[in-house]
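Take a look at the letters that make up each chain.
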Amino acid sequence: MSVFGASIKRREDPALITGKGKYTDDLVRPGMCFAAIVRSPHAHARIMSIDTSEAATAPGVIAVFTGQDLVRGEAGGVVPTCWLLPNLVTPDHPILAKDLVRHVGDGVAVVVAENRYQAHDAAELVEVDYDPLDAVTDVVAALEPGAPQVHAEAEGNLAFDWDLGDKEKTEAAFSQAAHTVSVDLRNSRLIPHAVEPRGALAEWDDAKGELTVWVTSQNPHVHRLLMTLASIGLPEHKIRVIAPEVGGGFGSKIHHYPDEAIAAWCAMNTGRPVKWVATRSETNLTDAHGRDHASHAEMALDAEGRIIGLKVETKAAMGAYLSTFAPSVPTYLYGTLLSGQYDIPAIHVRTLGAFTHTTPVDAYRGAGRPEATFLIERIMDLGAAKMGLDPGDFRRKNFIAPDAFPYATQVALEYDSGNYGPALDRALEMVGYQALRDEQAERRKSGDGKLLGIGLSTFIEACGLAPSQVVGSLGAQAGLWESAKVRVHPTGTITVYSGSSGHGQGHETTFAQIVADRLAVDVDQVEVVQGDTREVQFGMGTYGSRSAAVGGSAISEAVDKVIAKGKKIAAHLLEASPDDIVFEDGAFHVQGVPAKTQAWGDVVLQAYLAHNYPDDLEPGLEETAFYNPANFTYPFGAHIAVVEIDRDTGHVELRQYACCDDVGNVINPMIVEGQVHGGLAQGIGQALWEEAVYDDYGQLLTGTLMDYALPRAHMLPSFDTDRTVTPCPHNPLGVKGVGEAGTIASPAAVTNAVVDALSTFGVEHLDMPLTSEKVWRAMNQSGNGQG
Amino acid sequence: MGHRIQIEVNGKRYEREVDARRLLVHFLREDLGLTGTNVGCETSLCGACTILVNGQSVKSCTQLAVQADGTSVTTIEGMADGQDLHPLQAAFRDNHGLQCGYCTPGMIMVAAGMLADNPAPTEQEIRQGLKGNVCRCTGYHNIVKSIADAAEQMNGKGGDS
């Protein structure tokens, strides 16, 4: 069996199951001390004064810095946003606030002490005199006239006003509609909750003028670049960023936060290695949150139930500052997905980005695509109800036909491939759809038992971020290619240096599978290195389900170059033309003359000996590729949730969850299934339990795991997963990416199931999370009382 | 003011002076260098720091080191017998029961405590037993599978835990 497509066990695991994996907080450097950051307890306040004198003399304290004295010299001291929309307002985000604090958790000072207990003790002794000001935390309220202002330069708290699609064409479609449906919905604010808190360890080498920062990062080269350009100001080659083992990210470890820059400045100012690790409360106050949209959507239908238009207006919270990729999330990663799997001839979307006195909002698993999918899949159910059609039949009626690809949507994407019917058929078969509908009808008739609901979500995502020219034209201040270097050692073993930076995805295993498959070597002969800016050439990192599709393709292209060079060497040895050499089953031979062959190992050795060697060829066998994808990839699938609701308490139980995903070719099915499972839990978590809640004063009410309801094992069922395979046509591996599928599809599937169960109460929509209270009120306020 | 404690960790006896307020997890990680036990929330709510104290699973982030005076502690580093993985460790690998690995030591230790009490748990019993431990990567699906597999292996071998 080919190693590509095999569920081989992960090479990452032996260290991690024995406690030998080294995460940031596990690292110790000689003379290391600890930093604790003093954070604002107010959502909005003027800093009148900061008195550090008592803290400075507390036991073990080495130094105390405020925003006025942490950053030396001209450069540095702010964290930037890297996605610039037209007319985007970009207020500075200082790494420690100087005059104003803008959210609870905004840093105002930092204490460096011999150990973490002393640092936290002394942080309590820093006296900050605040003049509290009015705050606004709700995205709709923030855009209303008279709302408290987050930044003077952002009038009305508007960060941007963006739109996509053809407004006139869409209005014309609505004027011809036989039917319309509409919905006002919220996409709840979430906290990512990687189980490893964010942290950084910074070390300054004064003699060399070099800074090393170990940081919980999904993209160490991007962190380094932003440190050079904005927060630190040292030249790029004088900063080394290392992502050691990273305990989950889900987007939250993409962004450049003030904290790692604070640790670095503390190290440069004190000459000591400085470690900072967030407490869980700190992660909740400072890890970029996700989602937080308020939307109005309308869909126009013709008399037969075909969609003829869609218009959407969304207000998206940015929080107190623009985080690294924040402006892209509710715009290009959201509006572009609003065609879903459907042939919609006219679409217009407008998004208003608003500053609020809250933690910044940025990419969280799915990033824009779960929000789009939730909206389109919710309004699809409303459309089906309006037409009196089964939700599956209504979707099928509007699917883009399998022969219509490549399909240009009205919202700027060209779907390269797709075949949506078979995935839906399979998912319906997996749950036993007709039997469920019969059971539901029986329960409704008899009034016995719990309410039964069945929810569909047929979703698409654009991932494998992405064509650099395209994202550049859309405002990205970076290319989104990926790099790989394949180094063949003289004895034929291989080290791959990938610009991707895994943190749980199993890259060391799957990337080795790609190379082993192409070169027909044993997978154990291939080592994978990632996550260190000194070891690895510039790379863009891991997010947006891009590592297999973009990072893996880069590796494949570097292998192509290795093979091409190997052919030249083999041709010389075989006295043939390089054009006549083929590489098959781990050997080079002359096409049609299998006896004239050179083994892989002999060619590799000759590359390093260069004794019997082509005159015009450099010795060595090491190739680098920078792969710039031609398009996004377009994974899709059909997800079905089955819920039961207690009629007396409103408690929702997820009885069954089945999904059929199409992520293209699969390198390691075991890992792909694991990615789906984890994504599902996060999406189901949003649908049923999770929500970041602020009070009117800007206090985060869900600041601990007592209040923020993460999904736990007893709250979830085991999942039924399956796949169809429609390979990506434009990358060499045919893979599409799987990291976000579950999180994108499942909020809508679960919500649709709950609304389906409650449809006899006249309920058409409920916002997430679907808590018992919310469901009970929906049952009891509609006045029907039937079930 | 230091307190002298005697504690056995993974079969090795230690005598150390600790502050009264020093958390057991920091004693293990920083004083003994056993960094396999992770801290996720410092409030007993995520379970990443779960260890065994006298055979019972305990969250070491909310126990003081002085409270562990005179006890026998097992951490993730003490689970394998030389090169031979504990059946739970092997099952987590075989069943892809981990991704980022940060919650994994806690998951393995809570499962060890669970299987000591109930050597043949049902899926629901496993899920109930994991209530206090958070995983954000796996959706628990393969963790549950791993523990069921380990239970089977251990029972097949006569239930040594």
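Residues numbered from 1 in each chain as written. Chains lettered and ligands numbered in written order. Predicted model: local features only at pLDDT ≥ 70, side-chain atom pairs only at ≥ 80, totals over all residues. Heavy atoms only, no water.

Engineer: An account of the overall build of chain A is needed here, citing residue identities and associated values.
Structural biologist: A count of helices and strands for chain A gives 19 helices and 28 strands. For a compact globule of 787 residues, the expected C-alpha radius of gyration is about 28 Å, and chain A comes in at 28 Å, within 12% of that figure. On the principal axes, the C-alpha backbone points of chain A span a range of 90 × 75 × 50 Å. Buried residues in chain A amount to 65% of all 787 residues. Restricting the contact set of chain A to residue pairs at least 6 apart, pairs at least 24 apart contribute 80%. Across chain A, the centroid of the 60 positively charged side chains sits 2 Å from that of the 101 negatively charged ones. (Helix = DSSP H or I, 4+ residues; strand = E, 2+ residues; numbered from the N terminus. Rg over C-alpha atoms; globule rule 2.2 N^0.38 Å. Buried < 20%, exposed > 50% of the residue type's maximum accessible area, 1.4 Å probe, protein only. Contact = heavy atoms within 4.5 Å. Lys, Arg positive; Asp, Glu negative; His and termini not counted. Charge placed at Lys NZ, Arg CZ, Asp CG, Glu CD.)

Engineer: Could you give me a rundown of the packing of aromatic side chains, with the residues and numbers involved?
Structural biologist: Residue and element names in this part refer to chain A. Across all of its chains, the model carries 15 aromatic pairs over all chains by this definition. Here the aromatic rings of Phe-325 and Tyr-543 are separated by 6.3 Å at their centres, their planes lie at 35°, and the arrangement is tilted. Of the two residues, Phe-325 sits in the loop between β14 (307-319) and β15 (347-355) while Tyr-543 sits in the loop between β21 (526-529) and α15 (547-574), which places them 218 residues apart along the sequence. The same class applies to Phe-325 as to Tyr-543, namely buried. On the basis of an interplanar angle of 85° and a centroid distance of 6.3 Å, the ring pair of Tyr-657 and Phe-719 is categorised as edge-to-face. Residue Tyr-657 is found in strand β27 (residues 652-662), and its partner Phe-719 is found in the loop between α17 (669-688) and β28 (720-723); the two are separated by 62 residues along the sequence. The exposure class of Phe-719 is buried, given its relative accessible area of 4%. Among the aromatic residues, those joined into a cluster by ring pairs are Tyr-342, Phe-399, Phe-405, Tyr-420 and Phe-636. When the ring centre of Tyr-257 is taken as reference, the NZ or CZ atom of Arg-198 above it lies at 3.5 Å. Taking NZ or CZ as reference, Lys-311 lies 4.5 Å from the ring centre of Phe-174, over its face. (Phe/Tyr/Trp six-rings, centres within 6.5 Å; stacked < 30°, edge-to-face > 60°. Lys NZ or Arg CZ within 6 Å of the ring centre and 35° of its normal.)

Engineer: For the domain arrangement of chain A, give the residues involved together with the corresponding values.
Structural biologist: The parts lose accessible area when they come together, and the size of an interface is often stated as this lost area. Residue and element names in this part refer to chain A. When the domains of chain A are assigned, the result is domain 1 (13-133 + 196-247 + 253-286), domain 2 (376-460 + 633-781) and domain 3 (481-627). Computed from C-alpha atoms alone, the centre-to-centre distance between domain 1 and domain 2 is 39 Å. Three residues stand out in domain 1 for area buried against domain 2, namely Ala-43, Val-104 and Asn-284, and they jointly supply 56% of the buried area on that side. Its residues assigned to classes, the side of domain 1 that touches domain 2 comprises four nonpolar, two polar and one charged. (Domains from an automatic or database assignment. Buried area = accessible area lost by both parts, 1.4 Å probe. Nonpolar A, V, L, I, M, F, W, Y, C, P; charged D, E, K, R; others polar.)

Engineer: Any details on the domain arrangement of chain B? Residues and values, ideally.
Structural biologist: All names here are of chain B. The domain architecture assigned to chain B consists of domain 1 (2-76) and domain 2 (87-156). One C-alpha centre belongs to domain 1, the other to domain 2, and the line joining them spans 22 Å. If you look at the interface, domain 1 gives 16 residues, while domain 2 gives 13 residues. The tally of links between domain 1 and domain 2 comes to zero salt bridges. Between the two partners, domain 1 and domain 2, sit six residue pairs in polar contact (both at pLDDT 80 or more). Where the side of domain 1 that touches domain 2 is concerned, the elements lending two or more residues are β3 (50-53) and β4 (56-59). A total of three residues in the side of domain 1 that touches domain 2 trace back to one element, the largest contributor, which is β3. Of the residues belonging to the side of domain 1 that touches domain 2, the class tally is seven nonpolar, eight polar and one charged. (Salt bridge = Lys/Arg side-chain N within 4 Å of Asp/Glu carboxyl O. Polar contact = N/O pair within 3.5 Å; in protein donor to acceptor, adjacent residues only side chain to side chain.)

Engineer: Which residues make up the sheet that holds strand β22 (residues 581-584) of chain A, and what values do they have?
Structural biologist: What links the strands of a sheet is backbone hydrogen bonding, and the strands pair in either a parallel or an antiparallel sense. Residues and elements named next belong to chain A. Read from one edge of the open sheet, three strands run β22-β23-β24, paired in antiparallel fashion. Whereas interior strands pair on both sides, the edge strands pair on one side only; in this sheet they are β22 and β24 (593-599). Shown here is a sheet whose adjacent strand axes are inclined to one another by a mean of 35°, direction ignored. Looking at chain direction, strand β23 (residues 587-590) and β24 are connected through four bridges and run antiparallel. Bridged to His-589 within β24 is Thr-597. Sheet strands touched by helix α16 (residues 600-609): β22, β23 and β24. Its angle to β24, the strand with the most contacts, is close to 50°. (Pairing = 2+ DSSP bridges. Axes fitted to C-alpha atoms, helices over the stretch in contact; angles between N-to-C directions.)

Engineer: Explain the sheet that holds β28(A) to me, and be specific about the residues and the numbers.
Structural biologist: Residues and elements named next belong to chain A. With mixed pairing, the four strands of this open sheet are ordered in space as β18-β26-β27-β28. Single-partner strands in this sheet number two, and they are β18 (451-460) and β28. Between one strand and the next, the sheet's axes are offset by a mean angle of 15°, whatever the strand orientation. The sheet strands contacting helix α12 (residues 433-446) are β18, β26 (636-645) and β27, and the helix crosses β18 at an angle near 145°.

Engineer: For the interface of chain A and chain B, give the residues involved together with the corresponding values.
Structural biologist: Between chain A and chain B, the contact holds 56 residues from the first and 48 residues from the second. Surface buried jointly by chain A and chain B totals about 4400 Å² across both partners, of which 54% is contributed by carbon and sulfur atoms. The partner of B:Arg29 in a salt bridge is A:Asp25, with the nearest N and O atoms 3.7 Å apart. Here chain A and chain B share 33 residue pairs in polar contact (both at pLDDT 80 or more) between them. Looking at the side of chain A that touches chain B, the elements with two or more residues in it are α1 (13-17), α3 (116-123) and α17 of chain A. When residues in the side of chain A that touches chain B are grouped by element, the largest group, eight residues, is from α17(A). A breakdown of the residues in the side of chain A that touches chain B according to their chemical character gives 26 nonpolar, 16 polar and 14 charged.

Engineer: Break down the pattern of salt bridges for me, with residues and values.
Structural biologist: All names here are of chain A. Scanning all chains against the criterion turns up 51 salt bridges over all chains. Between Glu-210 and Lys-238 there is a salt bridge; the shortest N-O distance is 3.7 Å. Separated by 28 residues along the polypeptide, Glu-210 in strand β10 (residues 210-215) and Lys-238 in the loop between α6 (220-231) and β11 (239-242) bring together distant segments of the chain.

Engineer: Lay out the packing of helix α9 (residues 369-387) of chain A against helix α18 (residues 741-757) of chain A with the relevant residues and their values.
Structural biologist: All names here are of chain A. With their axes 8 Å apart at the nearest point, α9 and α18 run at an angle of 30° to one another. Compared by their axis directions, α9 and α18 come out roughly parallel. The two elements α9 and α18 meet at a crossing, and its hand is right-handed. Residues Arg-369, Pro-370, Thr-373, Phe-374, Glu-377, Arg-378 and Asp-381 of α9 form the contact with α18, whose participating residues are Thr-743, Ile-744, Ala-745, Pro-747, Ala-748, Thr-751, Asn-752 and Val-755. Taken together, the residues that form the contact of α9 with α18 break down as seven nonpolar, four polar and four charged. (Parallel < 35°, antiparallel > 145°, perpendicular 65-115°, else oblique. Left-handed = near helix turned anticlockwise from the far one by under 90°.)

Engineer: Summarise the pairing of β3(B); cite the residues concerned and give the values.
Structural biologist: All names here are of chain B. Covered by surrounding structure in β3 are Thr-50 and Leu-52 together with Ile-51 and Val-53, the residues of both alternating faces. As paired strands, β3 and β4 are joined by four bridges and run antiparallel to one another. Across the sheet, Leu-52 pairs through a bridge with Ser-57, a residue of β4. With antiparallel pairing between neighbouring strands as the criterion, β3 and β4 make up a hairpin whose turn holds two residues, including Asn-54 at a positive phi of roughly 50°. Across two bridges, β3 lies against strand β5 (residues 72-74) in antiparallel orientation. Each bridged residue has a counterpart across the sheet, and for Leu-52 the counterpart in β5 is Thr-74.

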